[in-house]
Amino acid sequence: MGFLDYVADVCYVPRSDGRKLKKHKQLQTVEIKIKMDCEGCERRVRKSVEGMKGVSQVEVDPKQSKLTVIGYVDPGKVLRRVRHRTGKVCDFWPYVPYDMVDHPYAPGAYDKKAPPGYVRNVLQDPQTSALARASSTEVKYTTAFSDENPNACVVV
């Protein structure tokens, strides 16, 4: 907490007209995994969030079963609204690009249902993240025989 925040809290004067100041929401990108079989499903998913207050852009990708909502919205409210309006099972997007994970073929990271180029986001899950992260000894051994390391051991 900074000095200006402290002074603002000490010198707080309530508004006389009885209205409270609202905090503005941050611009967020909400990614949701939802299964879409046809163009009708795609249209229903798009229309479920287009009318929400604060939504500025909606992108639907039926091949990846992905809905992307950009705007000044609460992610939990977007997920609840999609579930309620469509009646479909949906969840936040659980995948990250393949390059973000050190060991993408670890038991917790690899998922057959993931779109091409994506693996599960194991960095948020503490149980599976230990399997998907490289330890310091593994990094030492892999860099010892790397072509990019000028001091590497060369076996010819």
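Residues numbered from 1 in each chain as written. Predicted model: local features only at pLDDT ≥ 70, side-chain atom pairs only at ≥ 80, totals over all residues. Heavy atoms only, no water.

Asker: Now, about the nonpolar core: what can you tell me, with residues and values included?
Answerer: By size, the foremost hydrophobic cluster in this structure holds 18 residues, and its most contacted members are Ile32, Ile34, Val49, Leu67, Val69, Val78 and Val82. Going through the elements one at a time, strand E1 (28-34), helix H2 (39-50), strand E2 (55-61), strand E3 (66-71) and helix H3 (75-86) are the ones with two or more residues in this core. Look past the residues within four positions of valine 69 in its chain and what remains in contact with it is Gln28, Thr29, Val30, Val49, Val55, Gln57 and Val78. (Core = buried A, V, L, I, M, F, W, Y, C linked by side-chain atoms within 4.5 Å. Buried < 20%, exposed > 50% of the residue type's maximum accessible area, 1.4 Å probe, protein only. Helix = DSSP H or I, 4+ residues; strand = E, 2+ residues; numbered from the N terminus. Contact = heavy atoms within 4.5 Å.)

Asker: Give a detailed account of the packing of H2 against H3, specifying residues and quantitative values.
Answerer: Packed helices, taken two at a time, are described by the angle their axes make and the gap between the axes. Two elements in contact, H2 and H3, have axes separated by 9 Å at closest approach and are oriented at 130 degrees. It follows from the interaxial angle that H2 and H3 lie oblique. At the point where H2 passes H3, the crossing takes the right-handed sense. In contact with Arg44, Val45, Lys47, Ser48 and Val49 of H2, H3 contributes Val78, Arg81, Val82, Arg85 and Thr86. Residue composition of the contact of H2 with H3, grouped by class: four nonpolar, two polar and four charged. (Axes fitted to C-alpha atoms, helices over the stretch in contact; angles between N-to-C directions. Parallel < 35°, antiparallel > 145°, perpendicular 65-115°, else oblique. Left-handed = near helix turned anticlockwise from the far one by under 90°. Nonpolar A, V, L, I, M, F, W, Y, C, P; charged D, E, K, R; others polar.)

Asker: Could you give an account of the side chain of threonine 86, naming the residues involved and the relevant values?
Answerer: Among the structural elements, threonine 86 can be located in helix H3. Of the residues examined, threonine 86 reaches a relative accessible area of 7% and is grouped as buried. For threonine 86, the residues in contact, after removing those within four places along its chain, are Ile34, Arg44, Val45 and Ser48.

Asker: Which residues make up H3, and what values go with them?
Answerer: Residues three or four positions apart in an α-helix share a direction because the helix packs 3.6 residues into each turn. For H3, built from twelve residues, the straight-helix expectation of 16 Å at 1.5 Å per residue is met to within 8% by its first-to-last C-alpha distance of 17 Å. Every buried residue of H3 is accounted for by Val78, Leu79, Val82 and Thr86. Seen along its axis, H3 keeps its buried residues to an arc of 100 degrees; they face one direction. Across H3 from its buried face, at more than 90 degrees, point the exposed residues Arg80 and His84. Close packing links the buried residues of H3 with E1, H2, E3 and strand E4 (90-92). Glycine 87, located one to two residues past H3, shows a positive phi value of around 75 degrees. (Expected span 1.5 Å × (residues − 1). Arc of directions from axis to C-beta.)

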